[in-house]
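Coordinates in review
Take a look at the letters that make up each chain.
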Amino acid sequence: MQTNWQRGMTEIVGEGGLLLGDEQREKLSKDYYWYSPVLEPLLRDKRADGIVVPESEEQLAEVLAIAYRQSIPVTTRGAGTGNYGQAVPLHGGIVLDMSRLDAVLEVTDDYARVQAGVRLGALEKKLREEGRELRIYPSTYMKATAGGFVCGGSGGIGSITWGNLWDGNVREAVVYTLEEKPRRLVVGGSELLAYIHNYGTNGILAELTLPISPKVEWRQTVVQFDDIESACSFAHSVAMDDSIRKRLVTPVEWPIPSYFKPILKQLEEGASACLLETEEGTHGKLAEHAALFGGRIGHVIPSAQYHRTVGLSDFAWNHTTLWALKADPSLTYLQAGFHPAEFLSQIKKIKQAFGDEVLIHLEFIRSAGVVTPASLPIVRYTSHERLYEIIAYFRSIGVGINDPHTWMLEMGGRGELEAMLEAKRSNDPRELLNPGKLNVPVREAAARGDER
Ligand SMILES: Cc1cc2nc3c(=O)[nH]c(=O)nc-3n(C[C@H](O)[C@H](O)[C@H](O)COP(=O)(O)OP(=O)(O)OC[C@H]3O[C@@H](n4cnc5c(N)ncnc54)[C@H](O)[C@@H]3O)c2cc1C
């Protein structure tokens, strides 16, 4: 017998748009939160009361109106590949699955306008067929959605050239509020900062306009080194060389490459490595940089095979962590930001303090135009206390940490918190959007007499 809200939802999205089965609710209530040994036990039993899958903006608005009237928590889902339980509902309610809002609406020379549920891999493929390409995308691009990347991600392949999401890589967004009559907001410019990396806590993105650029033929190369310091120094010199167009510059410390099973035969036993995507024709320059740091050019994937076979980005960003976890479940990771100039001495201090308890993995990006060593170090997990000792040490030597072992935006996230809170106050008066992930300052809630 359907409940009131279930009947209301079925009238809008039809039988096929409301999923109530245990397995469906379990599967579509989870993301990659299990990357964190801290989050895993806390989130494993969380599940939505139902999954709602709208197929149009009209249906989306009607679903949100019912949720408001009946005070039903709404947790938005793209493809559920986020790492910090962002798409896991903490207080039941519905998971709003955006995967059927996946149309590519418009492609011009310099932007693509898409529905938020479009898969980035499908979009990149379409763009490359038309001589263009995405500027930045996560290493999960084959599954991840545009909305999930903008609301849950930060940067990825291409960030070495174009920066992160906050560096002008979102041009416009259509946002729905959760109110009696949900409003359709068209947001651009600095207003977008309230919605980038918002975990769906202050608005639902239905449409996105993303800048794109002309297609480049990308060659993938692995360069190997006797030690991580040489690999990082090489990576930095390539990252700083503007004559080499690049999409990926990823140095990793041995034994991390030993976890890369599919390409292990092509890798040098015991060597730290740098994974690169650079423009076809730049291999001469790469060899010059490699010679300066004792590097050996190894595995190469010519541009003709780009995105047609296992690529090096399948071992970069948080895929590096995935391969490490597959090899040794006692491993986990951090999200760190090293100093653009002092990173080598910071790495030295960390290795002196922790040895193999911490393995170095950098991702060179441009942040606000500055070449910066972002990082997803692999950490051997022994206890919660020890993990936060390591975090405290990183911070004590000037390495920034965005803690991936919390679902709370104000604790682990990044982005414009004040702007996000402002938007939440106006767009989500009943605080039903992904409750528990962005917490309105206590005093305000107390003033309203909220019990949450
Ligand atoms: C192996 C691996 C590698 C990864 N590599 C990267 C990487 O290189 N770079 C990176 O940034 N991240 C990375 N991630 C994290 C994640 O894959 C990306 O952030 C991805 O873009 C998320 O997209 P998704 O569609 O799966 O989003 P989901 O996980 O479904 O959602 C992410 C967040 O966005 C919210 N959300 C989703 N859609 C909307 C919408 N339309 N409106 C409002 N809120 C919405 C959700 O509520 C949730 O809070 C990686 C994760 C894994 C497991």
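Above: the structure in question.
To keep things clear, this report deals only with the structure shown in the data block. (Residues numbered from 1 in each chain as written. Predicted model: local features only at pLDDT ≥ 70, side-chain atom pairs only at ≥ 80, totals over all residues. Heavy atoms only, no water.)

Time to look at the layout of surface pockets. A volume near 350 Å³ is recorded for the second largest pocket. In terms of lining residues, the second largest pocket is bounded by 15 residues, among which Lys125, Arg128, Tyr306, His307 and Arg308 are the most central. Here the residues of the lining of the second largest pocket sort into five nonpolar, three polar and seven charged. (1 Å grid on protein atoms, 1.4 Å probe; cavity = no way out; pocket = protein on both sides within 12 Å on 5 of 7 lines; lining within 4 Å. Points joined across faces, edges and corners; volume = space filled by probe spheres on them. Nonpolar A, V, L, I, M, F, W, Y, C, P; charged D, E, K, R; others polar.)

Here we take up the sheet that holds strand 15 (residues 331-333). Picture the strands of a sheet paired through backbone hydrogen bonds; they go either parallel or antiparallel. Pairing in this open sheet of three strands is antiparallel, and the strands run 15-20-17 from one edge to the other. Strands with a single pairing partner mark the edges of an open sheet, and in this sheet they are strand 15 and strand 17 (358-359). Both strand 15 and strand 20 (residues 378-380) contribute to a ladder of three bridges, which runs antiparallel. Bridging across to strand 20, Tyr333 finds its partner in Ile378. Sheet strands touched by helix 10 (residues 317-327): strand 15 and strand 20. Its angle to strand 15, the strand with the most contacts, is close to 165 degrees. (Pairing = 2+ DSSP bridges. Helix = DSSP H or I, 4+ residues; strand = E, 2+ residues; numbered from the N terminus. Contact = heavy atoms within 4.5 Å. Axes fitted to C-alpha atoms, helices over the stretch in contact; angles between N-to-C directions.)

The next subject is the pairing of strand 6 (residues 111-115). As judged from the three bridges shared by strand 5 (residues 104-107) and strand 6, these two strands associate in the antiparallel manner. Within the sheet, the bridge partner assigned to Val104 lies in strand 6 and is Val114. Where strand 5 folds back onto strand 6 in an antiparallel hairpin, the turn is made up of three residues. Pairing of strand 6 with strand 10 (residues 204-214), which is carried by five bridges, proceeds in the antiparallel orientation. Looking at strand 10, one finds that Val114 is bridged to Leu208.

A word on unusual backbone geometry. Going from Trp254 to Pro255, the amide bond is cis rather than trans, its omega being 15 degrees. Positionally, Pro255 belongs in the loop between strand 12 (246-252) and strand 13 (272-279). Phi at Ser71 is positive, roughly 50 degrees, even though this residue is not glycine. For Ser71, the position within the fold is in the loop between helix 4 (57-69) and strand 3 (74-77). A residue is classified by how much of its surface remains accessible, and Ser71, at 40% relative accessible area, is partly exposed. Even without being glycine, Ala368 reaches a positive phi, approximately 50 degrees. Considering the arrangement of structural elements, one finds Ala368 in the loop between strand 18 (362-367) and strand 19 (370-375). (Buried < 20%, exposed > 50% of the residue type's maximum accessible area, 1.4 Å probe, protein only.)

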